[in-house]
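The primary structure of each chain is shown beneath.
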Amino acid sequence: SLGDDGVQALATLKDARTLHTLVLTFWGNRVGDDGARALASLKAAPSLHTLSLDLYENSLTDSGAQALAALKLAPFLRALTLDLRLNSLGESSVQALAALKDMPSLRALSLRI
């Protein structure tokens, strides 16, 4: 399985200057909170406007979901899809992810929890 180390390597895609759309699927790859923090760094991608992160059946906890909520700081992100089903998420995860509504450029949001 890929785990956090593999995810951290893919998070360097944030440096791709012309990348507009990114879809990453990590079904059952033991991605944990460190991996989620790495993925949250995609908020710094200069041209990213569509992001889909499928983290179905991984090892995320509330800490990882809170890290992903930092995507609300992405200046140009217009569409965001997060699939976080079958992870160990609780009420604080939902509260943190609800803050995504404050993204100024966001036009489409899909959350599967």
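Keep in mind the model is a prediction, meaning the values are calculated, not measured.

Asks: Give me the lowdown on the environment of Asn87, citing residues and values where you can.
Replies: Following the sequence through the fold, Asn87 ends up in the loop between strand S3 (79-83) and helix H4 (91-98). Considered as a pair, Asn87 and Ile113 are 26 residues apart in the sequence and their alpha carbons are 8.3 Å apart. Setting aside its immediate chain neighbours within four residues, Asn87 contacts Leu55, Tyr56, Glu57, Asn58, Ser59 and Leu60. Only 2.9 Å separates the side chain of Asn87 from the backbone oxygen of Leu55, close enough to count as a polar contact.

Asks: Describe the nonpolar core, with residues and values.
Replies: Residues Leu39, Leu51, Leu53, Leu55, Leu68, Leu80 and Leu82 are the most contacted members of the largest nonpolar core, which totals 28 residues. Beyond its immediate sequence surroundings of up to four residues, Leu39 is in contact with Val7, Ala11, Leu24, Phe26, Leu53, Leu55, Leu68 and Leu71.

Asks: How would you sum up the pattern of salt bridges? Please name residues and give values.
Replies: Inspection of the entire model under this criterion finds three salt bridges. Between Asp83 and Arg85 there is a salt bridge whose closest N-O contact spans 2.8 Å. Judged by relative accessible area, Asp83 falls into the buried class, the value being 6%.

Asks: Can you tell me about unusual backbone geometry, naming the residues and giving the values?
Replies: Here the phi dihedral of Arg30 falls at roughly 60°; this positive angle occurs in a residue that is not glycine. Looking at the element boundaries, Arg30 is found in the loop between strand S1 (21-25) and helix H2 (33-40). For Arg30, a relative accessible area of 63% translates into the label exposed. The phi angle at Leu86 is positive, at roughly 55°, despite the residue not being glycine. Tracing the backbone through its elements, the reader meets Leu86 in the loop between S3 and H4. Judged by its relative accessible area of 54%, Leu86 falls in the exposed class.

Asks: Outline H4, listing residues and values.
Replies: In an α-helix, one turn spans 3.6 residues, which is why side chains three or four residues apart end up on the same side. Those residues of H4 not exposed but buried are Ser93, Ala96 and Leu97. Along the axis of H4, the buried positions cluster into a sector of 95°, meaning they face one direction only. Of the exposed residues in H4, the ones pointing more than 90 degrees away from its buried face are Glu91 and Gln95. In this fold, the buried residues of H4 make contact with helix H3 (62-68), S3 and strand S4 (108-112).

Asks: Go over the side chain of Asn87, please, and point to the residues and values.
Replies: Judged by relative accessible area, Asn87 falls into the buried class, the value being 15%. Within the local environment of Asn87, its side chain forms a polar contact with the backbone nitrogen of Asn58, the two atoms lying 3.2 Å apart.

Asks: Just give me the short version of the pairing of S4, but keep the residues and values in it.
Replies: A regular strand carries its side chains on alternate faces of the sheet. For S3 and S4, the ladder comprises five bridges, and the chain directions are parallel. Residue pairing in the sheet places Thr81 in a bridge with Ser110 of S4. Between the parallel elements S3 and S4, the chain passes through H4 in a crossover that is right-handed.

About the thresholds
- Residues numbered from 1 in each chain as written.
- Predicted model: local features only at pLDDT ≥ 70, side-chain atom pairs only at ≥ 80, totals over all residues.
- Heavy atoms only, no water.
- Helix = DSSP H or I, 4+ residues; strand = E, 2+ residues; numbered from the N terminus.
- Contact = heavy atoms within 4.5 Å.
- Polar contact = N/O pair within 3.5 Å; in protein donor to acceptor, adjacent residues only side chain to side chain.
- Core = buried A, V, L, I, M, F, W, Y, C linked by side-chain atoms within 4.5 Å.
- Buried < 20%, exposed > 50% of the residue type's maximum accessible area, 1.4 Å probe, protein only.
- Salt bridge = Lys/Arg side-chain N within 4 Å of Asp/Glu carboxyl O.
- Arc of directions from axis to C-beta.
- Pairing = 2+ DSSP bridges.
- Right-handed = clockwise from strand over helix to strand, strands pointing away.

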